[in-house]
Amino acid sequence: MKTTRLIAKFAGKVTVVILLIFLTFVFAMFQGGFASWFLFYSFMPFGLYSLFISIYPVQFFTVSRKVNQSQFTAGESLKATITITRRLPFLPLLYVIVEDELPMGLRYGSQSQRPKAMMFPWFKKTIKLEYVLDAIPRGEHQLTHVRIKTGDLFGLVEKEGLFELKNTVLVYPSYVDIAYRQLENRYDQGSTSSKTKLIRDTTIAVGVREYQPGDRFSWIDWKASARRNTFMTKEFEQQQSHQVAVIIDRSDSQSRVIFEQVVVLTASIVKAISRHGAQMSFVSVGKDQFVTDVNHSESHQQQVFYHLAKVQPDNPFFSASIESEVSKWQQGMTLIFVTSQLTDAFVKTIEYLSHRQYHIVVLVILPKQNPSKETIKKIEQLKHKHIFIKAVMEGQYADAFHEVSR
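This one's a predicted model, so the numbers in the text were calculated from it and none came from an experiment.

Caption draft 1: Molecular detail of the packing of aromatic side chains. Across all of its chains, the model carries 14 aromatic pairs by this definition. On the basis of an interplanar angle of 75° and a centroid distance of 6.3 Å, the ring pair of Phe 25 and Trp 37 is categorised as edge-to-face. With a gap of twelve residues between them, Phe 25 in helix H1 (residues 2-31) and Trp 37 in helix H2 (residues 33-55) connect regions that are remote in the sequence. Its relative accessible area of 35% is what places Phe 25 among the partly exposed residues.

Structure below.
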């Protein structure tokens, strides 16, 4: 129906041009004289140009888009170049309007060079449009179409072409450097038994000792064995295997602005834990569920960041979904929750997990202006129940693990 309406509109404009040429000719024939014929010959070039524009094949244009890169970090600039090549440059084009149709996520950001411009190519065979999007937001953005418009001088005839050009732009969340501190399994009264496993770091030899049954053949220090005339085994530094689960709050009750800060803090924590060398699991539950096994590889971090690039606040039952994951977690693990709100249901879940010998860390992002008094009150209540919790001011994440209260 829409296509039929556009065709009828275009046909009507062409008919108007033909009718104007005919009327000026009839007027000159019947009126005679210099003025009437001057009017006819003066309008004739514009009328004929309009008719040529009406049959000019805009769809024969060759259009391409080049983006400076396909992966970004939030806050970086996207630079794109649209190149249009005319296969039939015999007809001069008075103007061409080129527009790259941006997705909603990029449409209202800062633009130092707009993705839409009017150009005057005339006989030029190649036309280029360059634009810059400043501080692009996190997400996966699809660039799909380029729109091209041209027409005659008076706007009587307009031609438009829509070209499908697909480019996927993935914008990872930004992060800040955080000094991650491993929480000790201690209480004020003394230390408790820990299920943290001891592992040998075979890259660091701290001494030698006599060989004992069960030692690996590769641990033998041949130089020391030759000096002492007996087998000597290298001693390695023993380290505790630290396992962490990072849980992001995807409650749909959070505003978009504050949720972006939740993502930034979560990405910063993931980066800090990876640098620390700890074994990490990541839990993100919403319309789509993303739960990883305990790992510390570079590919694991990339998978988490890829998920954080697209994650949305779409979970109406965050607390219930977390409780369903509890059975999969090993007791003694450190559970780090990143949230911007403390609902009653979430507080109950935290208290329940703390009684099951999990080490709980809750980082609550508070706005710079007018933080919720109710949230601050709940933070104090959880502190009195010996739960690690800290209020982190929006944008101030470098010391997120500094002096975490219990």
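Alright, that's what it looks like, and here's the rest.
Caption draft 2: Focus on the packing of helix H7 (residues 318-325) against helix H8 (residues 344-354). One way to put it is that H7 packs onto H8 with a least axis distance of 8 Å and a crossing angle of 20°. By the angle between their directions, the pair H7 and H8 is classed as roughly parallel. The element H7 and its partner H8 pack so that their crossing is left-handed. For the pair H7 and H8, contact is made by Phe 318, Ser 319, Ile 322 and Glu 323 and by Ala 345, Phe 346, Thr 349 and Leu 353, respectively. The class makeup of the residues in the contact of H7 with H8 is five nonpolar, two polar and one charged.

Caption draft 3: Up close: empty space enclosed by the protein. Under the definition given, this model contains one cavity of 30 Å³ or more. In this structure, the largest cavity encloses a volume near 30 Å³. Leu 106, Gly 109, Ser 110, Leu 133, Asp 134, Ile 136 and Pro 137 are the residues that line the largest cavity. Taken together, the residues that form the lining of the largest cavity break down as four nonpolar, two polar and one charged.

Caption draft 4: Quick peek at H7. Turning to H7, its buried residues number three or more, namely Phe 318, Ser 319, Ser 321, Ile 322 and Glu 325. The buried residues of H7 occupy an angular sector of 165° when the element is viewed end-on, so they sit on one face. Where H7 is buried, its residues meet strand E14 (243-248), strand E15 (279-285), strand E16 (289-291), strand E17 (334-339) and H8.

Caption draft 5: A look at the nonpolar core. Counting 41 residues, the largest nonpolar core has Phe 61, Val 63, Leu 78, Ile 82, Ile 84, Tyr 131 and Ile 148 as its most contacted members. Elements represented by at least two residues in this core include exactly H1, H2, strand E1 (62-67), strand E3 (78-85), strand E4 (96-101), strand E7 (126-134), strand E8 (139-151) and strand E9 (158-172). Take this core: its biggest share by element is five residues, from H2. Among residues more than four places away in sequence, those in contact with Ile 148 are Phe 61, Val 63, Ile 84, Val 96, Ile 97, Lys 159, Glu 160, Gly 161 and Phe 163. In terms of nonpolar packing, the next biggest core, distinct from the first, is built from 37 residues, Tyr 180, Leu 308, Val 392 and Phe 401 among them.

Caption draft 6: Representation of the pairing of E17. The buried fraction of E17 amounts to six of the six residues, a majority that puts the element mostly inside the structure. Alignment of E14 against E17, held across five bridges, turns out to be parallel. By the bridge assignment, Val 244 is partnered in E17 with Thr 334. One ladder, built from six bridges, connects E17 with strand E18 (residues 359-366); its direction is parallel.

Caption draft 7: Representation of unusual backbone geometry in the model. Located in the positive-phi region is Asn 229, a residue other than glycine, with phi close to 60°. Its relative accessible area of 72% is what places Asn 229 among the exposed residues. Of note, Asn 370 is a non-glycine position whose phi angle comes to about 55°, a positive value. With respect to the secondary-structure elements, Asn 370 resides in the loop between E18 and helix H9 (373-384). Classification of Asn 370 by relative accessible area gives exposed; the value is 72%.

What counts and what doesn't
- Residues numbered from 1 in each chain as written.
- Predicted model: local features only at pLDDT ≥ 70, side-chain atom pairs only at ≥ 80, totals over all residues.
- Heavy atoms only, no water.
- Phe/Tyr/Trp six-rings, centres within 6.5 Å; stacked < 30°, edge-to-face > 60°.
- Helix = DSSP H or I, 4+ residues; strand = E, 2+ residues; numbered from the N terminus.
- Buried < 20%, exposed > 50% of the residue type's maximum accessible area, 1.4 Å probe, protein only.
- Axes fitted to C-alpha atoms, helices over the stretch in contact; angles between N-to-C directions.
- Parallel < 35°, antiparallel > 145°, perpendicular 65-115°, else oblique.
- Left-handed = near helix turned anticlockwise from the far one by under 90°.
- Contact = heavy atoms within 4.5 Å.
- Nonpolar A, V, L, I, M, F, W, Y, C, P; charged D, E, K, R; others polar.
- 1 Å grid on protein atoms, 1.4 Å probe; cavity = no way out; pocket = protein on both sides within 12 Å on 5 of 7 lines; lining within 4 Å.
- Points joined across faces, edges and corners; volume = space filled by probe spheres on them.
- Arc of directions from axis to C-beta.
- Core = buried A, V, L, I, M, F, W, Y, C linked by side-chain atoms within 4.5 Å.
- Pairing = 2+ DSSP bridges.

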